[in-house]
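Tertiary structure, described
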Amino acid sequence: MIMIYRLLTGDDSSAFCHKVSEALSKGWELYGDPAYAFDAEHGVMRCAQAVTKKIDAPYSPDMKLGAQ
């Protein structure tokens, strides 16, 4: 069993919250606190949340983490 990692990012919106909620519903777990930063060029807040998941597969840099 290995631990895989994803960093979910997006604008601070309900779409970002749904992205994180979908990952949690697929067995991903929150890893650390969310991060926020203001994108002055576009005038929006950006969000990031790390998530991890244990899987029974060998790691490969070609794996599509979102499909796990």
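Quick note: structure is the one above.
Report follows, based on the coordinates. Starting afresh in each chain, residues are numbered from 1 along the sequence in its written order. Residue-level local features of this predicted model are given only where pLDDT is at least 70; pairs of side-chain atoms are given and counted only at 80 or more, and the full residue set underlies all totals for whole chains, interfaces and linings. Hydrogens and water molecules were not included; the side-chain quantities draw on all heavy atoms of the structure.

A pair of sulfur atoms, both from cysteines and within 2.5 Å, is called a disulfide here. One pass over the full model with this rule turns up 0 disulfides. The closest cysteine sulfur to the non-disulfide-bonded Cys-47 is located on Cys-17, 7.1 Å from its own sulfur. Burial classes follow relative accessibility: with a 1.4 Å probe on protein chains only, a residue under 20% of its type's maximum area counts as buried, one over 50% as exposed, and anything between as partly exposed. Among the residues examined, Cys-47 registers a relative accessible area of 4% and is labelled buried.

Time to look at the pairing of strand E3 (residues 44-55). Strands qualify as paired when DSSP identifies two bridges or more between them. Counting from the N terminus, the helices are DSSP H or I runs at least four residues long and the strands are E runs at least two residues long. Across 10 bridges, strand E1 (residues 2-11) lies against E3 in antiparallel orientation. Note that in E3 the partner of Asp-11 across the bridge is Arg-46. In this sheet, E3 lies alongside strand E2 (residues 29-39) in antiparallel orientation, the contact comprising 8 bridges. Opposite Asp-39, over in E3, you have Val-44 as the bridge partner. The hairpin turn running from E2 into E3, its antiparallel successor, is 4 residues long, and Gly-43 in that turn takes a positive phi close to 70 degrees.

Moving on to the nonpolar core. The nonpolar side chains of a soluble globular protein tend to be buried, and buried together. Counting residues in hydrophobic clusters, the biggest one holds 10 residues: Ile-4, Leu-8, Phe-16, Val-20, Ala-23, Trp-28, Cys-47, Val-51, Ile-55 and Met-63. When residues of this core are traced back to their parent elements, those giving at least two are E1, helix H1 (14-25) and E3. Whether two residues are in contact is decided by their heavy atoms, any of which lying within 4.5 Å being enough. In contact with Cys-47, not counting residues within four places along its chain, are Leu-8, Thr-9, Gly-10, Asp-11, Asp-12, Phe-16, Ala-35 and Tyr-36. Nonpolar core, defined: a set of buried Ala, Val, Leu, Ile, Met, Phe, Trp, Tyr and Cys residues in which side-chain atoms within 4.5 Å join the residues together.

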